[in-house]
Amino acid sequence: MTYVRRIIDNLLDEVIPGLPAIALEGAKGVGKTATASQRAATTIDLDDPLQLETLRANPDWITQAPPPVFIDEWQLHPPIWDKVRRAVDRDPSGTHVLLAGSAGVAPGVRTHSGAGRIVRMMMRPLSFAERGLERPTVSLQELMAGAAPTISGETRVGLPEYVDEILRSGFPGIRRAAPRHRGLQLDSYVDRIVEHELPENGVEVRRPGVLRAWLLAYGAATATDAAYSTILDAATPGELDKPPRPTVDSYREHLTRIFLLDPIPAWTPAFAPLRRLTKKPKHHLVDPALAARLAGIDERALLQGRITRIGAVAGTWLGALFESLVTQSVRVYATDATVGHLRSADTTREIDLIVEDRGLNVVAIEVKLVGSVSDKDVRHLNWLQEQLGERVVDKVIITTGPYAYRRPDGVAVVPLALLGP
């Protein structure tokens with residue numbers, strides 16, 4: 001199968017000559033192996049028992065083999081991390097190693113942080129631009145630059161296509177399958193997490209059914225900051241024998257560590273007058289297709305719009321999944337910026353995504369499951385600019401509509417299909 005370049009490839013092209021060791025991190029199936037393999041002269045796959053045993057017997061293999069050396073699923077042999085770190089210390093100019101892993105080190109296993117030696121980069125499922133449905137006309141990087149670029153473009157991608165992309169998933173190896181096969185693969189993905197990934201990472205799952213129910217409830221709370229107690233109650237309705245909170249907290253911690261949960265942190269502005277903002281994260285699974293599959297929801301049920309969000313006062317679940325799809329893409333595009341969300345403690349102000357670069361420039365983004373935008377839809381964006389002034393370099397509404405344009409108040413209206421890096 002022909003390799004299709006990812007957005008992270010541009011960053012790797014830029015930094016690899018000057019970085020001796022890079023760790024690509026992310027959930028299983030996001031494409032780490034395919035991306036790293038494009039750049040490797042030697043591949044060591046620790047999922048292969050023979051290669052794992054060979055490396056254990058000869059740890060110097062990584063420095064003796066032709067570089068660049070790619071070590072896949074490095075966490076299956078944690079000492080390799082420190083071996084790479086020491087190799088970088090000895091000869092930073094001659095060490096060129098790529099590591100890929102879908103989990104951190106298991107609890108109780110100690111490794112050096114690798115700070116200053118091994119640079120971590122996150123990979124997520126395919127962004128909308130990487131899926132090839134449309135050629136983007138609006139660049140997030142240009143928006144971040146603060147030049148108020150001209151916003152234009154037209155797309156034929158509409159609500160049915162967005163729903164299809166939510167259900168199709170951004171996992172490269174799953175999205176190409178027929179719908180029936182794709183559903184079974186998504187089921188298997190969750191099964192693998194519950195039955196193998198967590199136990200292999202030192203987590204004892206005593207009640208798999210409860211964990212699956214909790215994942216379903218977490219997915220149902222997509223794009224909300226619902227309390228974890230609310231999610232647990234939704235997972236175990238009417239049950240008196242609920243799992244203790246430490247058990248649920250442990251599940252959540254480890255599901256985040258293996259990148260299945262990918263929450264958006266609350267944005268805390270530095271050097272800004274904003275006060276009384278919530279610190280709770282917004283809930284997202286690594287791919288909204290998993291949330292839909294866990295719930296057993298198909299295209300028709302989503303389009304009917306009868307399912308409301310858990311913990312939210314308004315909005316359909318399709319709107320939540322569309323927001324998750326947008327969030328997934330924006331995080332991929334924001335290669336040198338942070339992404340958070342804003343919500344006031346009294347819930348009177350809320351902005352779905354805040355993208356902030358190292359210069360403290362902010363692009364504020366609202367996500368609307370609509371084809372057209374009203375003044376009501378942009379009020380929080382304009383409020384934020386009133387508070388922060390020039391720090392807000394652009395304001396954006398992401399929609400399902402056909403046209404990209406800039407409103408008289410300066411807000412850019414951009415269909416998701418036309419937004420790119």
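Not measured: the values here are computed from a predicted model.

Basis of the calculations
Residues numbered from 1 in each chain as written. Predicted model: local features only at pLDDT ≥ 70, side-chain atom pairs only at ≥ 80, totals over all residues. Heavy atoms only, no water. Buried < 20%, exposed > 50% of the residue type's maximum accessible area, 1.4 Å probe, protein only. Helix = DSSP H or I, 4+ residues; strand = E, 2+ residues; numbered from the N terminus. Arc of directions from axis to C-beta. Contact = heavy atoms within 4.5 Å. Axes fitted to C-alpha atoms, helices over the stretch in contact; angles between N-to-C directions. Parallel < 35°, antiparallel > 145°, perpendicular 65-115°, else oblique. pLDDT = per-residue confidence, 0-100. 1 Å grid on protein atoms, 1.4 Å probe; cavity = no way out; pocket = protein on both sides within 12 Å on 5 of 7 lines; lining within 4 Å. Points joined across faces, edges and corners; volume = space filled by probe spheres on them. Nonpolar A, V, L, I, M, F, W, Y, C, P; charged D, E, K, R; others polar. Lys, Arg positive; Asp, Glu negative; His and termini not counted. Salt bridge = Lys/Arg side-chain N within 4 Å of Asp/Glu carboxyl O. Polar contact = N/O pair within 3.5 Å; in protein donor to acceptor, adjacent residues only side chain to side chain.

## Brief notes about helix H16 (residues 379–388)
Along an α-helix, a turn takes 3.6 residues, which lines up residues three or four apart on a common side.
Part 1 of the argument: When we look at burial in H16, the residues that qualify are His 380, Leu 381, Trp 383, Leu 384 and Leu 388. Angular distribution of buried residues about the axis of H16 spans 160°; they occupy a single face of the element.
Part 2 of the argument: Buried residues belonging to H16 abut strand S7 (337–343), strand S8 (350–357), strand S9 (362–367), strand S10 (392–399) and strand S12 (411–415).
Part 3 of the argument: Where H16 terminates, the next one or two residues include Gly 389, which has phi positive at roughly 60°.

## Re the packing of helix H7 (residues 159–168) against helix H15 (residues 317–333)
Part 1 of the argument: With their axes 10 Å apart at the nearest point, H7 and H15 run at an angle of 75° to one another. On the basis of their axis angle, the class for H7 and H15 is roughly perpendicular. Within the contact between the two elements, H7 uses Leu 159, Tyr 162, Val 163 and Ile 166 and H15 uses Leu 318, Leu 321, Phe 322 and Leu 325.

## Examining the confidence of the model for the protein chain
Part 1 of the argument: The pLDDT averaged across the protein chain works out to 91; a share of 94% of its residues lies at or above 70.
Part 2 of the argument: This stretch, residues 105–111, has a pLDDT under 50; its non-local contacts, to residues over four places away or in other chains, come to 14 contacts.

## A closer look at empty space enclosed by the protein
Part 1 of the argument: Considering all chains together, one arrives at four cavities of 30 Å³ or more under this definition.
Part 2 of the argument: Of the volumes computed, that of the largest cavity is approximately 80 Å³.
Part 3 of the argument: Those elements that provide at least two residues to the lining of the largest cavity are strand S1 (21–25) and strand S4 (97–101).
Part 4 of the argument: Along the lines of polarity and charge, the residues of the lining of the largest cavity split into eight nonpolar, one polar and one charged.
Part 5 of the argument: Considered as a void within the structure, the second largest cavity measures approximately 60 Å³ in volume.
Part 6 of the argument: Forming the walls of the second largest cavity are Arg 124, Asp 262, His 284, Leu 285, Val 286, Pro 288, Ser 324, Thr 327, Gln 328 and Arg 331.
Part 7 of the argument: Per element, the largest residue contribution to the lining of the second largest cavity is four residues, and it comes from H15.

## Points about the side chain of Glu 366
Part 1 of the argument: With respect to the element layout, Glu 366 can be found in strand S9.
Part 2 of the argument: One buried charged side chain, Glu 366, makes no salt bridge at all; its nearest oppositely charged neighbour is Lys 368, positioned 4.5 Å away.
Part 3 of the argument: Of the polar contacts made by the side chain of Glu 366, one reaches the backbone nitrogen of Asp 352; its length is 3.3 Å.
Part 4 of the argument: The residues touching Glu 366, leaving out its near neighbours within four places in the chain, are Glu 350, Ile 351, Asp 352, Asp 377, His 380, Leu 381, Val 396, Ile 397 and Ile 398.

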